[in-house]
Amino acid sequence: MQQPRLVVIGNGMAGARTLEEILARGGDFAITVFGDEPYGNYNRIMLSNVLAGVEDESGIFLNDLSWYADNGITLHTGTRIARIDRAAKRVHADDGTVTPYDKLIIATGSRAWVPPIPGVHRPGRGYHQGVFAFRTLDDTRAMIRYAREHERAVVIGGGLLGLEAARGLQNHLSHVTLVHAAGHLMNTQLDAQGGAILQRSVEKLGIEVVTDALTTEILGKHAVTGVRLKDGTTIDCDVVVIAAGIRANAEVAQASGLVVDRGVVVDDQMRAQGEPDIYAVGECAQHRGETYGLVAPLWDQAKVLADHLTGRDPEAAYHGSRIATKLKVAGVDVAAMGLKEAERDDDETLVFSEPRRGVYKSLVIRDGRLVGATLVGDVRKYAFLMQAFDRGLALPEDRVELMFDLGGPPAEVSAADMADDAQVCNCNGVSKGTLVETVHGGCKTVNGVMDRTRAGKGCGTCKSLVQQIVEWAAGGEVEEDPRASWYVPGVPMPKPELMRAIRTHGLKSVSSVFATLVPGGEEDAKSKMGLASLLKMMWGAEYVDERDARFINDRVHANIQRDGTFSVVPQMKGGVTTPAQLKRIAEVAERHSVPMVKLTGGQRIDLLGVPKEKLPQIWAELDMPSGYAYGKSFRTVKTCVGSDFCRFGVGDSTALGIALEERYQGIEGPGKMKLAVTGCPRNCAEAYVKDLGVVAIDGGRWEIYVGGAAGAHVRKGDLLATVDSPAEVITLTGRFLQFYRENANWLERTYAWVPRIGIERIREVVVDDADGIAADLDAAMAESVAAYRDPWKERAAPATPGQFRTSLPLVVLPQVPVR
Amino acid sequence: MTTRLGPVDQIPPGEGRTFAVDGDMVAVFRLRDGSLRALSAVCPHKGGPLADGQIDSKVVVCPLHLNAFDLTTGCSLSGLPGLTVYPVGVDDEGHIVIYSEVPA
């Protein structure tokens, strides 16, 4: 069978991108492309860099002519299509040639819109001498050539393109004035205040800005000498650049009888209205009433069209794009998404303005969700806000955290500004350059890059920066990784779906989960630990324990150290011990020459450097329960001395801490759980920065904070509830931990989970029982509590052959120094 | 020449154990399908004990920094030097055997 013929009108970013997507899906077409510019395909966005002299012309080409040849694409450059014959399925070019098609894609893009100002054109000569549009490579070249020999430029249009043009022109001549008809700069994206602050920053760069200034005439007989504004003032100049906006190139489509409004009207498959075989993508397309002038929607459209045309997913549908932009406009960072101003009476608006530094931030919140954001001069919160906007995430109670990082990691720098050798991942020593290379090498998912480079695989604090760099390096081509939503990397399901499937099939062991839920039944080493924890939580005593599913720490109930030895931390509830206990620990440490004895951050004693084969003996001699200092589990409850001894204490924090630890000891979860109880708001036990922290306040009451952290990430917990008795603290603690265990992602600590779900929602479930599941949560937790067995009792009869046999190689290893 | 390392059931299914073979430390893994794999026992990254790592049918993951190695080829999946692979099998009496040459 003959290959179907695919014809593309337009050789811009949309057309070429769609072809790339089609080829990537193995689409089998005889492809012909018509472009009216005489070049291969280039990145129009970079024209402002060419104008500014920071990018060479050759650097902006995306697909050179050999790409077309290599992929068997017939390219006709400098050829304009005059007409589409829909009935005969042929396109007619200006040069008289006729090309038949089976499928046709219109990707004609848009052109500069030139307002009807007297003097712009000279009869029979096109633009007046010295007047330029700013749209194509030819425009840019001509403008540079002319500007170099002249001194004063006026740019008409104070949007993104106008600002870029003004900044670029400063490279070529001494005086640039920006004339804008609206009341403030970038009025499509920014509100008046933001526009005014941007204006100040732009003026500092030496660009004069005139707003509320409608240009009524271009002056000059032979060449341009100035412009006249509506109020009668004139501005002298010898170059005029018009950057007043763009209009879709839809004339050919219209003349050929297609439905055209502001662009070619298309459906969710990018199909022109009423046309089975004609499609439109990019700036020339109008989808659900919207035309887009940015690159991200174009990528989305190209994917949908490619899925549809190649049959990969004939039902692929484009649902429109939520526009979020982050740009460096004339050297000033600007980001905008969604609404720029409140629209309804009950919309919440947050504004921060610091004109001196050129910083402006404004957010619009509706029903607790972010619906709009504008950032000028400081866009560090962009990635966070974009996620909140895009996914409708719950917002922090303390709204100021939306605008600023409070107690967060040190100030982030933008991905673009970082030096190539700057270290991004401080755990695994990965530089920005390595990340960028990996992306350019073809790995375009955040997880994929993290897997290959190991960046973000240590403490994880750099993940958001890694994400920013990958996004930046991929230039808007970041691919969504479906695995990002899976609970563990080897089973293709998010947590709720996975738990449902486990229940439906009654899967009680890790191997049965792989066999039943993974296509092909393939097991995955990196998924075992997460599944083991989940199954144990779900099935309690019914869980079928397969030891190979456990991480080494959980096989031998101790934390592996850098030299392959282990650390032993006995339980010391609430950090309270006795002389007898201390003596026993001391004797054991001495008898076995334990290389290091150290107090932990959780108020316990750590015996470090214990060989695996000695673990059972040491546990026997200590005769204390495990302190669980090795698992993704409930760790310890840190306390202060409370009311018994402290003259400030208003509640018995030590007794409550011990009671909590007694009840919830060893409970496994998606991440470790560190708790604290403190006897007064002086907070000596650091309860504000724990997964769950309890603070005694005057009047016999207790505050419960959740989602705090003071590790790689620092966060003050959110107040969950204030209760009247220790009994209520114990109940709510169990209920909160169970809700967390059932809903958090694997390795997601409460400091990430609580803000993701939102403290209001957690309070609804845990405190107010709005969903009616409190009793279930309590019962599930009680079952886990009842299933507790001290793992250090395993010493007498090992669970597996050779459980405590050394794996230590007999080679010299870096030793932990003995002090 | 072959080296016998004792009964195969000293390695629980899905786990690994370290053995000394001719002065080398060898980690022997017993896959869940019953087959064996044998590799050098020391992670070339920071000397981690690979026999303490978790495995699936394809890779072992070092317990220290989660570097993964192909169980069959010894190749690193994260850019580290590879591991030596030892031909391994079970003899008629159910004993683990390391072959110095691949049996015909």
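Residues numbered from 1 in each chain as written. Chains lettered and ligands numbered in written order. Predicted model: local features only at pLDDT ≥ 70, side-chain atom pairs only at ≥ 80, totals over all residues. Heavy atoms only, no water.

A separate point is the overall build of chain B. From N to C terminus, chain B includes zero helices and ten strands. For chain B, the sequential pattern of α-helices and β-strands runs β-β-β-β-β-β-β-β-β-β. With 104 residues in all, chain B has 56% of them scored as buried. Considering only intrachain contacts with a sequence separation of at least 6, the fraction spanning at least 24 residues in chain B is 38%. (Helix = DSSP H or I, 4+ residues; strand = E, 2+ residues; numbered from the N terminus. Buried < 20%, exposed > 50% of the residue type's maximum accessible area, 1.4 Å probe, protein only. Contact = heavy atoms within 4.5 Å.)

What follows covers the environment of Gly 195 of chain A. Residues and elements named next belong to chain A. The topology assignment puts Gly 195 in helix 6 (residues 192-204). In this structure Gly 195 comes out as buried when scored by relative accessible area, which is 0%. Distance in space between the C-alpha atoms of Gly 195 and Gly 183 is 8.7 Å, their sequence separation being twelve residues.

Residues and elements named next belong to chain B. Counting buried positions over the five residues of strand 10 (residues 95-99) gives five, a clear majority of the element. For strand 1 (residues 2-7) and strand 10, the ladder comprises four bridges, and the chain directions are antiparallel. Residue pairing in the sheet places Arg 4 in a bridge with Val 97 of strand 10. The pairing of strand 9 (residues 88-90) with strand 10 spans three bridges and is antiparallel. Bridge pairing in strand 10 places Val 90 opposite Ile 96. (Pairing = 2+ DSSP bridges.)

Residue and element names in this part refer to chain A. If you walk across this open sheet you meet the five strands as 13-20-14-15-16, and the pairing is parallel. The strands lining the two open edges of the sheet, one partner per strand, are strand 13 (131-133) and strand 16 (207-210). Ignoring strand direction, the axes of neighbouring strands in this sheet form an average angle of 20°. Note that strand 15 (residues 175-179) and strand 16 share four bridges and pair parallel. Within strand 16, the position partnered with Leu 178 by the bridge is Val 209. (Axes fitted to C-alpha atoms, helices over the stretch in contact; angles between N-to-C directions.)

It is worth spelling out the packing of helix 22 (residues 726-743) of chain A against helix 24 (residues 759-766) of chain A at this point. Residue and element names in this part refer to chain A. One way to put it is that helix 22 packs onto helix 24 with a least axis distance of 10 Å and a crossing angle of 120°. The orientation of helix 22 with respect to helix 24, classified from their angle, is oblique. Between helix 22 and helix 24 the crossing geometry is right-handed. Between helix 22 and helix 24, the contacting residues are Leu 732, Arg 735, Phe 736 and Phe 739 on the first element and Ile 762, Val 765 and Val 766 on the second. Split by residue class, the contact of helix 22 with helix 24 holds six nonpolar, no polar and one charged. (Parallel < 35°, antiparallel > 145°, perpendicular 65-115°, else oblique. Left-handed = near helix turned anticlockwise from the far one by under 90°. Nonpolar A, V, L, I, M, F, W, Y, C, P; charged D, E, K, R; others polar.)

Pairs may arise between side chains of opposite charge once their charged atoms sit close together. The final tally for this structure, using the stated rule, is 49 salt bridges over all chains. Where Glu 21 of chain A meets Arg 17 of chain A, a salt bridge forms, and the shortest distance between an N and an O atom there is 3.3 Å. In this pair, Glu 21 of chain A and Arg 17 of chain A both sit in helix 1 (residues 13-24), four residues apart, roughly one turn of the helix. The same class applies to Glu 21 of chain A as to Arg 17 of chain A, namely buried. In this structure, Arg 380 of chain A and Asp 378 of chain A form a salt bridge, with 3.1 Å as the shortest nitrogen-oxygen distance. Arg 380 of chain A gets classed as partly exposed once you look at its relative accessible area, which sits at 37%. You can call Asp 378 of chain A buried: its relative accessible area is 7%. What you see here is one network of salt bridges that share partners, running through Glu 523, Lys 528, Glu 546 and Asp 548 of chain A together with Arg 32 of chain B. (Salt bridge = Lys/Arg side-chain N within 4 Å of Asp/Glu carboxyl O.)

Next up on the list: the confidence of the model for chain A. Residue and element names in this part refer to chain A. For chain A, the average pLDDT comes to 89, and 97% of its residues sit at 70 or higher. Every residue in residues 408-412 is under pLDDT 50, and counting partners more than four places away or in other chains gives four contacts. Here residues 810-819 is a poorly scored stretch, pLDDT under 50, and it has 14 contacts once near neighbours within four places are set aside; other chains count. (pLDDT = per-residue confidence, 0-100.)

A few words on the interface of chain B and chain A. Many analyses report the size of an interface as the accessible area lost when the parts associate. Across the boundary between the two partners, chain B contributes 32 residues, which contact 35 residues of chain A. Interface area, chain B with chain A, both sides summed: about 2,700 Å², of which 49% is carbon and sulfur. Sorting the residues of chain B by area buried against chain A places Arg 32, Asp 52 and Gln 54 of chain B first, and these three jointly supply 25% of that buried surface. Viewed at the interface, chain A and chain B are joined by 17 residue pairs in polar contact (both at pLDDT 80 or more). Listed by contribution, the elements that provide at least two residues to the side of chain B that touches chain A are strand 2 (16-21), strand 5 (54-55) and strand 6 (59-61) of chain B. In terms of residue count, strand 2 of chain B provides more of the side of chain B that touches chain A than any other element does, three residues in total. (Buried area = accessible area lost by both parts, 1.4 Å probe. Polar contact = N/O pair within 3.5 Å; in protein donor to acceptor, adjacent residues only side chain to side chain.)

This brings us to the nonpolar core. Residues and elements named next belong to chain A. Among the nonpolar cores identified, the biggest contains 66 residues, and Leu 498 and Ile 502 are the most heavily contacted of them. Take this core: its biggest share by element is eight residues, from helix 16 (residues 525-539). Not counting chain neighbours up to four residues away, the residues in contact with Ile 502 comprise Leu 507, Val 513, Leu 517, Leu 534, Leu 535, Met 538 and Trp 539. (Core = buried A, V, L, I, M, F, W, Y, C linked by side-chain atoms within 4.5 Å.)

What follows is about the confidence of the model for chain B. Looking at chain B as a whole, its pLDDT mean stands at 90, while 95% of the residues score no less than 70. The least confident element of chain B, judged by mean pLDDT, is strand 1 of chain B at 89; the most confident is strand 5 of chain B at 97.

On to the packing of aromatic side chains, then. The way to describe two aromatic rings as a pair is by their centre distance and the angle between their planes. With the rule as written, the count across this model stands at 15 aromatic pairs over all chains. Seen from their ring centres, Phe 634 of chain A and Tyr 664 of chain A are 6.4 Å apart, and the 50° between their planes marks the pair as tilted. Pair noted here: Phe 634 of chain A is in strand 36 (residues 634-639) and Tyr 664 of chain A is in helix 21 (residues 653-664), with a separation of 30 residues, a long-range link. A relative accessible area of 0% means that Phe 634 of chain A is categorised as buried. These aromatic residues form a ring-pair network of at least three members: Phe 736, Phe 739, Tyr 740 and Trp 753 of chain A. Cation over ring: Lys 508 of chain A sits above Trp 539 of chain A, and NZ or CZ is 4.7 Å from the ring centre. The ring of Phe 19 of chain B is capped by Arg 805 of chain A, whose NZ or CZ atom sits 4.6 Å from the centre of that ring. (Phe/Tyr/Trp six-rings, centres within 6.5 Å; stacked < 30°, edge-to-face > 60°. Lys NZ or Arg CZ within 6 Å of the ring centre and 35° of its normal.)

All right, on to helix 24 of chain A then. Residue and element names in this part refer to chain A. Among the residues making up helix 24, those that are buried are Ile 759, Ile 762, Val 765 and Val 766. Taken end-on, helix 24 shows its buried residues confined to a sector of 125°, consistent with a single buried face. Each element contacted by the buried residues of helix 24 is listed here: strand 39 (701-706), strand 42 (718-723), helix 22, helix 23 (750-757) and helix 25 (774-786). (Arc of directions from axis to C-beta.)

Residues and elements named next belong to chain A. With 16 residues, helix 8 (residues 295-310) should reach 22 Å at 1.5 Å per residue; the first-to-last C-alpha distance of 22 Å fits that figure. Inspection of helix 8 places Pro 297, Leu 298, Trp 299, Gln 301, Ala 302, Val 304, Leu 305, Ala 306, Asp 307, His 308 and Leu 309 among the buried residues, and these make up the whole buried set. On its buried side, helix 8 packs onto strand 1 (5-9), helix 1, strand 9 (103-106) and strand 23 (278-280). Looking at the residues trailing helix 8, positive phi occurs at Gly 311, about 80°. (Expected span 1.5 Å × (residues − 1).)

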